[in-house]
Amino acid sequence: MRRSKSDALWLRAAGVIPGGVNSPVRAFRAVGGDPVFIARGAGAAVWDVDGNRYVDYLGSWGALLFGHAHPRIVEAIERQARDGTSFGCATGMEVELAERIRALVPSCERVRMVSSGTEATMSALRVARGFTRRDKVIKIDGAYHGHADAFLAAAGSGVATLGLPDSAGVPEGAVRDTLIVPWNDLGAMRAAFDAHRDQVACVIVEPVMGNAGCIPPAEGYLAGVRALCDTAGALLIFDEVMTGFRVAAGGAQARFGIRPDLTTLGKVVGGGLPAAAFGGRADVMAVVAPIGPVYQAGTLSGNPLAVAAGRVALEMIGEDPGLFDRLETTTTRLALGLVEAVRAAGHPAVGHHVGAMMTLFFTADPVRDYATAKRADRERYGRFFRAMLERGVYLAPSQFEAAFVSAAHGEAEISATLEAARVVAAGIG
Ligand SMILES: *Cc1c(COP(=O)(O)O)cnc(C)c1O
């Protein structure tokens, strides 16, 4: 593939944007090679600035449930743009979007819009702390909840280790109340509760881990977490920024039948524009300003363009009862096919998929948490990623990120992807 225009932009970008990118994983450091610069997208495909076409499994990190430039979403944005792009005032369509969210995710009895997943989780944490008047938060090792200070702690191994900052610039005090436990380990979470009796404000989980690669909850795990929170008087936050409207119309909470106290949403809820939300129990959300003492605000919150796009996306989800079955069928075929292609070439592989998200781990061992995910062969994943990209398939640029299927991905895209995988797997060593 010719990449001369991408390469030229990459050089310029490095001179003006830190690391050349506006979000770190875009720099391909986890997979090697230089990033391609994208010019446009349509349906399941994107084209780079040199005109190369890729089947896109990044989907703007999961935001694009209906693929790129879906005509109905484009039309909604165009129509709203002509009527004004921001008011900083209440609008009718915010009410409609909030009602639509609640219809699909009933635990969100009250919903507030924000502009990014980071803002949603940061605000939900403040609400949980304000409501319970406690400070500690239990977080899962390897889970990502955006880049707010309190969540930038993964800490090492061990049960209920006190959080240590995972990023320069995060003061120890900001993560002092962040407790880290491994995913799918109820014993470790129970121990964390026991060690900090009456101090835990909330547990926050990605109900299907997605930011360490796709790692589903073990049977009974989420119910166990729910019970531990109830016993301790702590709130349960489902960070469904990735899983919301992605693993089922009602998110992971609908799929697994667990009702969290607070939910954060992002990605799909903005229909490809910057919108996110947090919501939950009416009594808990009643602490949010202006009716309660927990301050939370945003100049562009509930932005008309983003709300217009998100509203159409949720409308399309609501209209199509077969949507998630089809997405799951496509994703299953992709996941099983990739595992088969890689194994046929003699490499160990584990494939996880839930709804319309999946990860192919280059490992022979079961992947049940971050520690076991880290046993995967990152170098080999990098070679696989780069060779697939060369053949026109854009996978997640890290072993520890999920790949996303959209409603625009059909038989043709999956077949082409698996064909490429068979060829590529044989040559990656
Ligand atoms: C993407 C993501 C976030 C952060 O959302 P941004 O919009 O990137 O700030 C938070 N939590 C989860 C689970 C995510 O996948």
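This text goes with the structure placed above it.
Structural notes, computed from the coordinates. This one's a predicted model, so the numbers in the text were calculated from it and none came from an experiment.

Let us look at the overall build of the protein chain. The helix and strand tally for the protein chain stands at 15 helices and 15 strands. The C-alpha radius of gyration computed for the protein chain amounts to 21 Å, which stays within 12% of the reference 22 Å derived for 429 residues, consistent with globular compactness. Projected onto its principal axes, the C-alpha positions of the protein chain cover 55 × 55 × 45 Å. Of all 429 residues assigned to the protein chain, the portion counted as buried reaches 56%.

Once that is clear, we can look at the site of the ligand. Near the ligand you find S116, G117, T118, Y144, H145, G146, E206, N211, D239, V241, M242 and K267, and these make up its full shell. Separating an oxygen atom of the ligand from a side-chain N or O atom of T118 is a distance of 2.7 Å. The side chain of D239 places a nitrogen or oxygen atom 2.6 Å from a nitrogen atom of the ligand. Protein contacts shield 83% of the accessible area of the ligand, which totals 380 Å² for the unbound molecule.

Let's shift gears to the sheet that holds strand β13 (residues 357-361). As summarised here, the arrangement of the three strands in space is β12-β13-β15, forming an open sheet in which the pairing is antiparallel. The sheet is open, and its two edges are formed by β12 (350-354) and β15 (403-404), each paired on a single side. Of the pairings in the sheet, the one linking β12 to β13 comprises five bridges and is antiparallel in character. From the neighbouring strand, H353 faces β13, where its bridge partner is M358.

On to the pairing of strand β5 (residues 136-140). Most of β5 is tucked away, with five of its five residues classed as buried. Of the two faces of β5, the one carrying K136, I138 and I140 and the one carrying V137 and K139 are both buried. Relative to strand β8 (residues 200-205), β5 runs parallel, the two being bridged by four bridges. In the strand pairing of β8, I138 is matched with V203. Here β5 runs beside strand β7 (residues 178-181); their pairing, made up of four bridges, is parallel. Bridge assignment links K139 to a residue of β7, and that residue is I180.

Rules and cut-offs
- Once a new chain begins, its residue numbering starts again from 1 and follows that chain's sequence as written.
- It should be noted that, the model being predicted, local features are given only for residues of pLDDT at least 70 and side-chain atom pairs only at 80 or more, the latter also being counted only at that level, while totals for whole chains, interfaces and linings use all residues.
- Calculated side-chain values reflect all of the structure's heavy atoms, with hydrogen atoms and water omitted.
- Here a helix means four or more residues in a row that DSSP labels H or I, a strand means two or more in a row labelled E, and each is numbered from the N terminus.
- We compute the radius of gyration over the C-alpha atoms and compare it with the globule rule, which gives 2.2 Å times the number of residues raised to the power 0.38.
- Remark: exposure states derive from per-residue accessible area (1.4 Å probe, protein chains only) relative to the maximum for the residue type, with buried under 20%, exposed over 50%, and partly exposed in between.
- In these notes, residues near a molecule or strand are those with any non-hydrogen atom within 4 Å of it.
- Here a polar contact means two N or O atoms within 3.5 Å. Within protein one must be a hydrogen donor candidate and the other an acceptor candidate, and residues neighboring in sequence count only if both atoms are side-chain atoms.
- Only the protein chains shown count as cover for residues, and all accessible areas are computed by the Shrake-Rupley method using a 1.4 Å probe.
- One bridge is not enough; two strands pair if DSSP finds at least two bridges between them.

Interpretation note: all reported values are geometric properties and have no functional meaning in isolation.
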